[in-house]
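Listed here are the chains, written in short residue letters.
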Amino acid sequence: MDPTEIYDRPGKSKMGMDLIPVYEGQEGEGAGSIRIDGRIRQNMNLRTAPVERRDLSRTIRAHGQITYAQDRESTLNTKVHGWIERLHVETIGQQVNKGDPVLEIYSPELVTTQEEYLLALRNRDQLASSPIPSVRENADRTLEAAKRRLELWDVPSDEISRLTESKEVRRTLLLRSKSSGIVTHKTVVEGDEVRPGMDLFHIADLGEVWVEAAVFESDLAHVREGMPAEIRLDQIPGEALEGRVDFVYPYLDRKSRSNNVRIIVKNADGKLKPAMYATVSIQSPGGQDVLAVPAEAIIDSGIQKLVFVSQGEGLFEPRRVRTGLESSDGSIEVVSGLFDGEQVVVSGQFLLDSESRTREAIAKMRAAAAGRAEDEPMEVMGAMPERKATTEMTGVAIAPDKLYACPMHPGFITTDQEARCPECGMGVVPLPELEEKVDLAKVEFYTCEMHPEFLTTDSEGLCPECGMKVVKVKKR
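Residues numbered from 1 in each chain as written. Predicted model: local features only at pLDDT ≥ 70, side-chain atom pairs only at ≥ 80, totals over all residues. Heavy atoms only, no water.

Moving on to a negative patch on the surface. Negative charge collects at one region of the surface, where Glu52, Asp55, Asp289 and Asp340 lie side by side. Of note, Asp55 is situated in the loop between β3 (52-54) and β4 (58-68). A relative accessible area of 47% means that Asp55 is categorised as partly exposed. (Patch = residues over 30% accessible without salt bridge, like charges linked within 9 Å, V, L, I, M, F, W, Y side chains within 5 Å. Areas by Shrake-Rupley, 256 points an atom, 1.4 Å probe, with all protein chains shown as cover. Salt bridge = Lys/Arg side-chain N within 4 Å of Asp/Glu carboxyl O. Lys, Arg positive; Asp, Glu negative; His and termini not counted. Charge placed at Lys NZ, Arg CZ, Asp CG, Glu CD. Helix = DSSP H or I, 4+ residues; strand = E, 2+ residues; numbered from the N terminus. Buried < 20%, exposed > 50% of the residue type's maximum accessible area, 1.4 Å probe, protein only.)

Set out below in structure tokens:
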């Protein structure tokens, strides 16, 4: 099964099969081998290519879409109840930088808390000279609690410092952007009431974006994190962008049978916009110094893969192989089944495969027929009991007491008592019951080489099982 598995003594192969000897001058005469003369080879346009060692790489192509980098998105919300007094950012798509003012909120709770902070501040100052330590400590704790409450409501530290120095309560709270980017979502306008936890603005930084590409299940084994990728877009013709595979998602899409991979791409100039379609090429390094053949040399039946190896002088041997990575340039890795330097057929191999299978099938049928002739000797009606009868080609004999025929077509004779006539479909009956229709003394029997249980008196007949022409049973 694997001719590259060679031993110098008899025994069994790795698969448990008996090893067969190969004699000098017969190396290429294996089962299924076929010899083609030069003129026919030329007509079949047979071409060969060498098995050689080389480095293989594969480019995996996929379609993807540009999306926001999720680790560069932020949401601006509030933790107090109030009303929007003023918006500094009024439109979606507007660019903001970290620390820029976004909106001002009027909140009665926040005004009260500022007043409580100022009251605690004055109380601390008045009790700072108290001779009782516990009084001074209580005043400090009260002030710290009021300050902590302002911090938890996202009042900036510089605003608390201003309040401490000026002793003036501000009517509104100014919210600033916590990151740089563009506004992708806005839910409020001036005058709206807002409540704690309500999302007001969504900001995304487009300095770096993601490309989520759908890789087919068959290519997924060749994709790894960190691999370089090339991105092309219809909106930017003639330009290829560089990226790298950052993450391979741990699940497949049920309908498309594809797996998304995430590719990080720099976007400093802002050319890449979310929702753009992209064509992605991922460079997979493949194998180094591996045996490879052209992909067209492989005959893939779905169950096994074959190649035809040229043995010289017009002899071609079918060889089962195991394959690995298929490269982008049309080469495919051969894991087992071939040697370095052998010549494989890359054109016309399907004609060789058809001819090889036909010859192999004929050889097996002849071997099976010969085996039945040796194991199941039978006698012929009308012959002497001690005599045997054989066909001219197979040597199959027939037992005289086990013959059946069709009542309507007595020319159909068989040794199978459950058979039915191929002409009318009637069940057969024992031949002695039809002696008035069949003169056994004059009958000449014919049978099929492959199915000797079928007999007939029609010399031009065909076997109902395989359609082969019948041959005469030779009496002795």
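Here the focus is the packing of aromatic side chains. Centre distance and the angle of the planes are the two values used to describe a pair of aromatic rings. Applying the stated criterion across every chain, the model contains three aromatic pairs. Directly above the aromatic system of Tyr106 lies the positively charged group of Arg171, at a separation of 4.3 Å from the ring centroid. The ring centre of Trp210 lies 4.2 Å from the NZ or CZ of Arg262, which sits over that ring. (Phe/Tyr/Trp six-rings, centres within 6.5 Å; stacked < 30°, edge-to-face > 60°. Lys NZ or Arg CZ within 6 Å of the ring centre and 35° of its normal.)

We now examine empty space enclosed by the protein. Tallied over the entire structure, the rule returns two cavities of 30 Å³ or more. Roughly 60 Å³ of internal volume is contained in the largest cavity. If you trace the largest cavity, you find it lined by Leu110, Gln114, Leu150, Val155, Glu159, Ile160, Leu163, Thr172 and Leu173. Where the lining of the largest cavity is concerned, the elements lending two or more residues are α2 (108-126), α4 (157-166) and β9 (172-176). Looking at the lining of the largest cavity element by element, the count peaks at three residues for α4. Residue classes in the lining of the largest cavity are distributed as six nonpolar, two polar and one charged. When its volume is computed, the second largest cavity comes out at roughly 40 Å³. (1 Å grid on protein atoms, 1.4 Å probe; cavity = no way out; pocket = protein on both sides within 12 Å on 5 of 7 lines; lining within 4 Å. Points joined across faces, edges and corners; volume = space filled by probe spheres on them. Nonpolar A, V, L, I, M, F, W, Y, C, P; charged D, E, K, R; others polar.)

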